[in-house]
Amino acid sequence: MNRSKTLLILLALMAASGVAAETVAIVGGTVHTIGPQGTLENATIVIEDGFVVMVGKAVKVPDGARTIDASGKVVTPGLFSPIGNLGLVEVGLSAGPNDFAQRGDAFTAGFDVADAYNPRSTLIAINRIEGITRAVIAPAPGRPAYGEETGDVGHVLSGLAAVVNLGDGSNFLERRAAAMVVNLGENGSELAGGSRAGAMLTLRNALDEAIDYRDHKDDFERGARRAYRHHVADLESLQGVLSGAIPLYANVHRASDIEVLIQLVADYGLRAIINGGAEAWMLADQLAAADIPVVLAPQDILPGNFDRINARRESAAILAAAGVTITFADDQSQTHNARNITQSAGNAVAYGLSWDDALRAITLAPAEIFGVAGRVGSIEPGKEADIVIWPGDPLELTNFPEQVLIKGESISMTSRQTLLRDRYLQTDADKPPAFRK
Amino acid sequence: MKYSIAAVAAAALIVGACNAHKPENVEEPFASRYQPLPGEPTLLIDATILTGTGERLDNADVLIRDGKIVAVGEDLSGDGATVVDASGRWITPGIIDLHSHLGVYPSPGTASHSDGNEATAPVTAEVWAEHSVWPHDPGFVTALAGGVTSMQVLPGSANLIGGRSVTLKNVPGRNVQDMKFPGAPYGLKMACGENPKRVYGGKGIAPSTRMGNVAGYRSAWIAAADYRDKMAATKSWGEAPLRDLQLETLVGVLDGKILVHNHCYRGDEMSVMLDIAKEFGYKITSFHHAVEAYKVADLLAENDTCAAMWADWWGFKMEAYDGIRENAALVDDAGACAIIHSDSEEGIQRLNQETAKVIGAAARVGMDIAAERAIRWITSNPAKALGIAEMTGTLEAGKMADVVVWSGDPFSVYTRPDQVYIDGALAYDRHNDSINPVTDFTLGTSAAAGGAR
């Protein structure tokens, strides 16, 4: 092996492991910045130490920069999955860890999934090689799993969601306590003992107790205050909700439930995000006025239950036109297949959303909703360099990323699935698959 | 009317082995009463056509008359037919979903609607999915808007042998008989792996393991073979045993008249199931949810068994852990029959998009799969697995005119079906809501007002 080849390999290794504080230039691509610079043809992005430092058509490539040729390619910000259980689960049913639900009598609002996150989960590589660079990891209602009809159920307040990056596993936690998951409507009804009114009462009671605790903490600690239904850890977590630092993340579909939520948010001076929102389009103007964003599955229009009876395909376009911030998730598969948010975005475009709004909905919009837009979500100087290079339109399902950078580092484009694929592509091997590496 | 007659004849064939023990000249029960919608001669012109036979024609026409495809080719003359300008658009055969639970697990998914799994015994070959089909499931209409013209509705996978499936034309009717695909053979749903052992193991009865599963299948086939032999013997001598619905269906499989559709995720389990089929002398027509089909693609080709797959579902249970996006491409490449199925009331609306994912994933590893090849995975290949390939699944003269006119390339995420023809009749038109069906359930909702287009 000659010296230059050795050097190249060394450099490649350093790039892959991120040991070098390097300068990278991505040149020649069509860059959708999703920032003030809009879309730039044949542009250059300069990245230093993980941050975007320059973007533009007349930008000079710094000496010694590692150059990535993106001519003829499409360059976008990293994709942002706005809900799901990445790193909290390997296999959903009857196998492996399921760390996203807190069941039984213990904590509710205080339950924080960040402490359970596994950055080495096989799901991480599988999703990031398809462009997901940031994700919200959220607690779930905690109904018994499909096929496991018995056992403790979860709570109206599921606990705290967090934002993670899918980078090299170090410093993966972007934001703890990014949202407080609450289950309303038919979801909440099941958990609250049979009525959606019970779910709403549970939420109001928790907020009232948190207020009482906040205002009478000394009395409480002296034992001079009545006992609360909630644990102190839960009431502590709810302080962020009361202050507006932590938005309520409400699993809710039916318009009437959303109306009650809008009123509650106004009564207590809170912030809220709707997850699901099949009937949210019916209240588009009210949601815009209340500044409540919606996480939608735009292609799911069948009434899975009576809460979703007025779902419609044009939801994304209607909400966006009214000025509601939207992002996409597919309730059914937002964990193992978080990567499919491009399909949601593409379908929203097919039913009236503009292409630019659709790409924004899976990049910058969720970063804004979950309070990390100052650092990620668009390709702008000063932001962390989460960048995806595509062979063409990223919303087309035939297109897969060619390269993905997270915080300026080119990630390995292999996953457990690509390894399986490559093993079984070797059909002429004379030994069983276990001997093919 | 000719369809009804054909249906009766076909249904009679299916249970021919048992006729000796039934009253003569009685119609088979639950025979198809499907009647095509009223149609008119139609000439679709200047489209890009994927025929479903593996061919692509540019700037070509399709002529439809009397419910059939009359011709496919360039510069056809319509002779009075309504001419539809399809320039810039694409035409494919109607989409066929090999695996659906529409009607048996309808929307809304309430407990009162949960009619897909007779999970009370591990072998329930005696139940028929059609007796659970609710024709007012709004999912039929949304599937139609996705270009689906036929589908197989199956019992669920709780049981080793779950019961008979039914193949439907996607024209919502008053009763399931109005929707039954005339002349389609019945299917038998079988299930490998986790589901049966979890459901029954959880109840403290067999099977609770995969080896328990296999013992269960083999015992059922032994009973079926015995019943068949006794029935045959009593044709010439002796008193016929009481009809046994369960064994009648299993004998239908042994006689090659009912097709086996086997839910089976893992490659190693498919291999075991193929051996059971050899042991008892039946054929497995297709494996469904065949997440690991790519590991045994050569075996599938050798046994002429189709693999029906999702594009990318994986990891929701252990037996789905090894799912890869390229699965269908690897199966197709090995010369086996690859199918993309939905198993989902939402996914059935976008089987073209699921196929697009596989095309793109395959391209990542240098496998170039042309549109005319991939379209077979959701048209002619499922038609073959349903035993209806002589009647539909391709655009060829003489076949049922089950046709989709797409707004563009069907493998683009932005493309939608513009028109869907079933037996030559316009069953759905994206630009003319007045002709589109609305199920009873949907009346009064925003979907009825155009929301679920």
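Residues numbered from 1 in each chain as written. Chains lettered and ligands numbered in written order. Predicted model: local features only at pLDDT ≥ 70, side-chain atom pairs only at ≥ 80, totals over all residues.

**Looking at the overall build of chain B**
Link 1 in the chain: Of the regular secondary structure elements, chain B holds 12 helices and 16 strands.
Link 2 in the chain: At 22 Å, chain B has a C-alpha radius of gyration in line with the 22 Å of a compact globule built from 453 residues.
Link 3 in the chain: The principal-axis extents of the C-alpha atoms in chain B amount to approximately 65 × 55 × 45 Å.
Link 4 in the chain: Expressed as a percentage of the 453 residues in chain B, the buried residues total 58%.
Link 5 in the chain: For chain B, contacts bridging at least 24 residues in sequence account for 71% of all contacts bridging at least 6. (Helix = DSSP H or I, 4+ residues; strand = E, 2+ residues; numbered from the N terminus. Rg over C-alpha atoms; globule rule 2.2 N^0.38 Å. Buried ≥ 20, exposed ≤ 12 C-beta atoms within 10 Å, placed from the backbone. Contact = placed C-beta atoms within 7 Å.)

**Section: the overall build of chain A**
Link 1 in the chain: The secondary structure content of chain A amounts to 13 helices and 16 strands.
Link 2 in the chain: In terms of overall size, chain A behaves like a compact globule, its C-alpha atoms giving a radius of gyration of 23 Å where 437 residues would be expected to give roughly 22 Å.
Link 3 in the chain: Along the three orthogonal principal directions, the C-alpha set of chain A runs to about 75 × 50 × 45 Å.
Link 4 in the chain: Counting all 437 residues of chain A, 53% fall into the buried class.

**A word on helix α2 (residues 138–145) of chain B**
Link 1 in the chain: Within α2 of chain B, 8 of the 8 residues are buried, leaving the element largely enclosed by the surrounding structure.
Link 2 in the chain: For α2 of chain B, the full list of buried residues reads P138, G139, F140, V141, T142, A143, L144 and A145 of chain B.

**Points about the packing of helix α4 (residues 196–215) of chain A against helix α6 (residues 232–243) of chain A**
The description of two packed helices rests on the angle between their axes and on the distance between the axes.
Residues and elements named next belong to chain A.
Link 1 in the chain: Contact geometry for α4 and α6: axes closest at 9 Å, N-to-C directions at 95°. The angle between α4 and α6 falls in the class roughly perpendicular. Between α4 and α6, the contacting residues are A206, L207, E209, A210, I211, Y213 and R214 on the first element and L235, L238, Q239 and L242 on the second. (Axes fitted to C-alpha atoms, helices over the stretch in contact; angles between N-to-C directions. Parallel < 35°, antiparallel > 145°, perpendicular 65-115°, else oblique.)

**As for the sheet that holds strand β7 (residues 132–137) of chain A**
Residues and elements named next belong to chain A.
Link 1 in the chain: Strand order in the open sheet formed by 8 strands is β6-β7-β8-β9-β10-β11-β12-β13, with mixed pairing between adjacent strands. Of all the strands in the sheet, just β6 (79–81) and β13 (326–328) have a single pairing partner and so form its edges. Taken pair by pair, the neighbouring strands of this sheet meet at an average axis angle of 25°, ignoring direction.
Link 2 in the chain: Alignment of strand β12 (residues 294–296) against β13, held across 3 bridges, turns out to be parallel. Within β13, the residue paired with V295 across the bridge is T327. (Pairing = 2+ DSSP bridges.)

**Brief notes about the interface of chain A and chain B**
Link 1 in the chain: With 37 residues of chain A at the contact, the number on the chain B side is 43 residues.
Link 2 in the chain: Elements with a minimum of two residues in the side of chain A that touches chain B: α10 (341–350) and α13 (416–425) of chain A.
Link 3 in the chain: When its residues are assigned to classes, the side of chain A that touches chain B shows 17 nonpolar, 15 polar and 5 charged. (Nonpolar A, V, L, I, M, F, W, Y, C, P; charged D, E, K, R; others polar.)

**Let's talk about the sheet that holds strand β12 (residues 306–309) of chain B**
Remark on secondary structure: sheet strands pair via backbone hydrogen bonds, oriented parallel or antiparallel.
Residues and elements named next belong to chain B.
Link 1 in the chain: One open sheet holds the 8 strands; their spatial order is β6-β7-β8-β9-β10-β11-β12-β13, and the pairing between them is mixed. The open sheet terminates on both sides in strands that have one partner only, identified here as β6 (95–100) and β13 (338–340). Strand-to-strand twist in this sheet, taken as the mean axis angle between neighbours without regard to direction, amounts to 25°.
Link 2 in the chain: Relative to strand β11 (residues 284–288), strand β10 (residues 259–263) runs parallel, the two sharing 4 bridges. Across the sheet, the residue bridging to N262 is F287, located in β11.
Link 3 in the chain: Contacts from helix α9 (residues 351–364) reach β6 and β13 within the one sheet, and its direction differs from that of β13 by about 130°.

**Things to note about the packing of helix α3 (residues 185–192) of chain A against α4 of chain A**
All names here are of chain A.
Link 1 in the chain: In contact at an axis separation of 7 Å, α3 and α4 are set at 80° when each is read in the N-to-C sense. Put simply, α3 runs roughly perpendicular to α4. Contact with α3, carried on its side by G185, E186, G188, S189, L191 and A192, involves R196, G198, A199 and T202 of α4 and no other residues of that element.
Link 2 in the chain: A class-by-class count of the residues in the contact of α3 with α4 yields 3 nonpolar, 5 polar and 2 charged.

**Focus on the environment of N170 of chain B**
Residues and elements named next belong to chain B.
Link 1 in the chain: Within the secondary structure, N170 is located in the loop between β8 (161–169) and β9 (187–191).
Link 2 in the chain: Overall, the presence of 29 C-beta atoms within 10 Å leaves N170 in the buried class.
Link 3 in the chain: Along the sequence, N170 and V141 sit 29 residues apart, while their C-alpha atoms lie 8.1 Å from each other.
Link 4 in the chain: Not counting chain neighbours up to four residues away, the residues in contact with N170 comprise F140, A143, L144, V148, T149, S150, M151 and I422.

**Some words on the nonpolar core**
Link 1 in the chain: I45, I137, A161 and M180 of chain A together with A307 and I339 of chain B are the most contacted members of the largest nonpolar core, which totals 258 residues.
Link 2 in the chain: No other element matches the 7 residues that α4 of chain A contributes to this core.
Link 3 in the chain: Leaving out residues up to four positions away in the same chain, A307 of chain B has contacts with S286, F287, A290, A293, L300, V331, A336, A338 and I339 of chain B. (Core = buried A, V, L, I, M, F, W, Y, C linked by C-beta atoms within 7 Å.)

**Side note on unusual backbone geometry**
All names here are of chain B.
Link 1 in the chain: Residue P108 is reached from S107 by a cis peptide bond, and omega for that bond is -5°.
Link 2 in the chain: Residue placement: P108 occurs in the loop between β6 and α2.
Link 3 in the chain: Each neighbour pair has its own omega, and for A206 with P207 the value is 0°, a cis peptide bond.
Link 4 in the chain: Within the fold, P207 resides in the loop between α3 (194–201) and α4 (210–236).
Link 5 in the chain: Within the chain, N59 stands out as a residue other than glycine whose phi angle is a positive 50°.

**Comments concerning the pairing of strand β16 (residues 425–429) of chain B**
Regular strands place side chains that alternate from one sheet face to the opposite one.
All names here are of chain B.
Link 1 in the chain: With 4 bridges joining them, strand β15 (residues 417–422) and β16 adopt antiparallel strand pairing. The residue of β16 that forms the bridge with Q419 is D429.
Link 2 in the chain: What sits between the antiparallel neighbours β15 and β16 is a turn of 2 residues, in which D423 has the positive phi angle 50°.

**Focus on α10 of chain A**
Link 1 in the chain: Counting buried residues along α10 of chain A, 10 of its 10 residues qualify, which places the element largely inside the surrounding structure.
Link 2 in the chain: Against the buried residues of α10 of chain A lie β6, α9 (315–322), β13 and α11 (355–361) of chain A together with α9 of chain B.
Link 3 in the chain: Of the residues trailing α10 of chain A, G352 of chain A is marked for its positive phi of about 110°.

**Section: the pairing of β11 of chain B**
Residues and elements named next belong to chain B.
Link 1 in the chain: Counted residue by residue, β11 has 5 buried out of 5 residues, so it is predominantly covered.
Link 2 in the chain: Chirality of the crossover, the property in question, places the unit of β10, helix α6 (residues 267–280) and β11 among those that are right-handed.
Link 3 in the chain: As judged from the 3 bridges shared by β11 and β12, these two strands associate in the parallel manner. Residue S286 lies in a different strand from β12, and its bridge partner there is C306.
Link 4 in the chain: Between the parallel pair β11 and β12, the chain is carried across by helix α7 (residues 297–303), and the sense of this crossover is right-handed. (Right-handed = clockwise from strand over helix to strand, strands pointing away.)

**A short note on the confidence of the model for chain A**
Low pLDDT marks stretches whose predicted atomic positions should not be read closely.
All names here are of chain A.
Link 1 in the chain: A residue-level look at chain A finds 92% of positions with pLDDT of 70 or above and a mean pLDDT of 92.
Link 2 in the chain: This stretch, residues 6–11, has a pLDDT under 50; its non-local contacts, to residues over four places away or in other chains, come to 1 contact.
Link 3 in the chain: Predicted confidence for residues 13–20 stays below pLDDT 50, and this span has 10 contacts to residues more than four positions away or in other chains. (pLDDT = per-residue confidence, 0-100.)

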